[in-house]
Amino acid sequence: MMAAMPSLRTFPEGFLWGSATSSHQVEGGNQGNDWWAWEAAPGHIHDGTRSGDACDWWRGRAEEDLSLAAEYGQNAHRLGLEWSRLEPEPGRFDEAAFDRYRAILAHAHKLGLRSLVTLYHFSLPTWAAAQGWTAPSLAPAFARFAEACAQRLSPLVDLWATINEPLVLAFMAYFGRQWPPGLGSTLAFARAVRQLLRGHVAARAAVHRVQPDAQVGIVLNLPAFDAANPRDPRDRAVCKLQETVFNEAFLRALDGRYDFLGLNYYGRYQVAFDLSLVGRMFGRHVQTPTVSTPNTDWGQISPEGLTRQLLRVQRLGRPIYVTENGVYDNHDRVRPGYLRDHVRAVHDAIRAGADVRGYFHWSLVDNFEWAEGWAAHFGLFAVDRATQTRTPKDSARIYAEICRANAIACP
Ligand code: BGC
């Protein structure tokens, strides 16, 4: 008997294959932002590390890493701009810092990498840090910053994203105390969500003023939620509540004011009713197995959940990019399968009608993982922090095959 031939599933022409990074996680030396000070306080970073030189992008390694991305078949990269570098004091822009980003983006362009540029990815200039996004003055300040970026960098940017994961930020930094400013209140959460929404709308308008045909989107983390016991109405109710607060409400409030939607997806949560968890909307996450550290739970691996979320946002009628997808796996054992399965899941969604135009793996290189410090690795390339040497993981090679073929084999 002959073994069945694997079939090849091809992606639409021009599909973007990339990886994603953010400014604070890779640049190094970001002394002017809120994270720099936050990291210095004991207990904030679970493994006691600091971002420090990070992956040394600012001093020159951005170019090397982007060259690696291109060499390994990628045709796009998502990176972040560091607001604290570009506007070190309110209203004063640092032209030398803009030159540095211009050089990085020009290098990407020369390599044939399309760029998706995030204006704000969790780190605020120190001058805005105390009240953070609860301050009503931050949204107009963010718009002014967005306009300055568009004026100087537009020719080198293919896609703009205003804000990364507003709801994750609001939960971690305003409802909770895990990230700066760590306000820990429901009121701060509500205020921050409102200002993040205003900030997105104002920044998008500002970029459009400079470049009317710019594609300006927003990046949302949309995990899949399922009731732990689908027959239990209480599980179903808390699941629906979490889904509404985390995934639905912000999307609804955006009311179509985005040119594309960036979707970040890591996994799915199974939610069980628990009356004692007031701060968690009475829902306990009980999925097993799950990808987690003692402090962070990225959920259960579920490629099907990605297909589901893509099809759900498809109804909103805008192009979609998977702006992040990846797994915490320090030994690259799980990542190869995770990567293949999720790329297939994207293809499933496209086949079912979703207008998905690109996939950005999180991340290109192991980097500073916020409150987890350097302990949680997500990169396609390992980074030796003492020497800054890069080593490709199997995943980098597997992803390169997919990118080059613009297709994935299905068993
Ligand atoms: C964030 C990244 C982060 C990744 C892995 C996303 O929520 O945008 O900055 O490193 O998840 O936790």
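Residues numbered from 1 in each chain as written. Predicted model: local features only at pLDDT ≥ 70, side-chain atom pairs only at ≥ 80, totals over all residues. Heavy atoms only, no water.

Novice: What exactly am I supposed to notice about the overall build of the chain here?
Specialist: Helix and strand counts for the chain stand at twelve helices and 17 strands. For 411 residues, the compact-globule estimate of 2.2 N^0.38 gives 22 Å, and the C-alpha radius of gyration of the chain, at 20 Å, lies within 12% of that figure. With the C-alpha coordinates of the chain rotated into their principal frame, the extents come out at 70 × 55 × 45 Å. Nonlocal contacts in the chain, meaning residues at least 24 apart in sequence, comprise 77% of its contacts between residues at least 6 apart. Only carbon and sulfur atoms are counted for the fraction: they give 54% of the accessible area of the chain, which is about 16,200 Å². Placing the 43 positive and 43 negative side-chain charges of the chain at their respective mean positions leaves the two points 5 Å apart. (Helix = DSSP H or I, 4+ residues; strand = E, 2+ residues; numbered from the N terminus. Rg over C-alpha atoms; globule rule 2.2 N^0.38 Å. Contact = heavy atoms within 4.5 Å. Areas by Shrake-Rupley, 256 points an atom, 1.4 Å probe, with all protein chains shown as cover. Lys, Arg positive; Asp, Glu negative; His and termini not counted. Charge placed at Lys NZ, Arg CZ, Asp CG, Glu CD.)

Novice: What am I meant to see in the packing of aromatic side chains here?
Specialist: Where two aromatic rings form a pair, the distance of their centres and the angle of their planes describe that pair. Considering all chains together, one arrives at 34 aromatic pairs under this definition. Between tryptophan 35 and phenylalanine 368, the aromatic rings sit 6.5 Å apart at their centres with planes inclined by 80 degrees, giving edge-to-face as the arrangement. Linking tryptophan 35 in helix 2 (residues 34-40) with phenylalanine 368 in the loop between strand 14 (356-362) and strand 15 (381-384), this pair joins segments that are 333 residues apart in sequence. For tryptophan 35, a relative accessible area of 0% translates into the label buried. With a centroid separation of 6.2 Å and an interplanar angle of 80 degrees, the aromatic rings of tyrosine 120 and phenylalanine 142 are classed as edge-to-face. Taken as a pair, tyrosine 120 in strand 4 (residues 114-120) and phenylalanine 142 in helix 6 (residues 138-153) lie far apart in primary sequence, 22 residues in all. Of the two residues, tyrosine 120 and phenylalanine 142, neither departs from the other in class, the shared state being buried. Aromatic ring contacts, followed pair by pair, group Trp35, Phe122, Trp179, Phe368, Trp370 and Trp374 into a single cluster. The ring of tryptophan 58 is capped by arginine 85, whose NZ or CZ atom sits 3.9 Å from the centre of that ring. (Phe/Tyr/Trp six-rings, centres within 6.5 Å; stacked < 30°, edge-to-face > 60°. Buried < 20%, exposed > 50% of the residue type's maximum accessible area, 1.4 Å probe, protein only. Lys NZ or Arg CZ within 6 Å of the ring centre and 35° of its normal.)

Novice: Whenever I open this one, the pairing of strand 4 confuses me. Can you help?
Specialist: Two faces make up the sheet, and in a regular strand the side chains alternate between them. Counting buried residues in strand 4 gives six out of seven residues, a clear majority hidden from the surface. Bridge analysis of strand 3 (residues 76-80) against strand 4 gives five bridges, and the strand direction is parallel. From the neighbouring strand, arginine 78 faces strand 4, where its bridge partner is leucine 116. The pairing of strand 4 with strand 5 (residues 159-164) spans four bridges and is classified as parallel. Bridged to tyrosine 120 within strand 5 is isoleucine 163. With respect to chirality, the unit in which strand 4 leads through helix 6 into the neighbouring parallel strand 5 is right-handed. (Pairing = 2+ DSSP bridges. Right-handed = clockwise from strand over helix to strand, strands pointing away.)

Bear in mind that shape data such as this cannot, by itself, settle questions of function.
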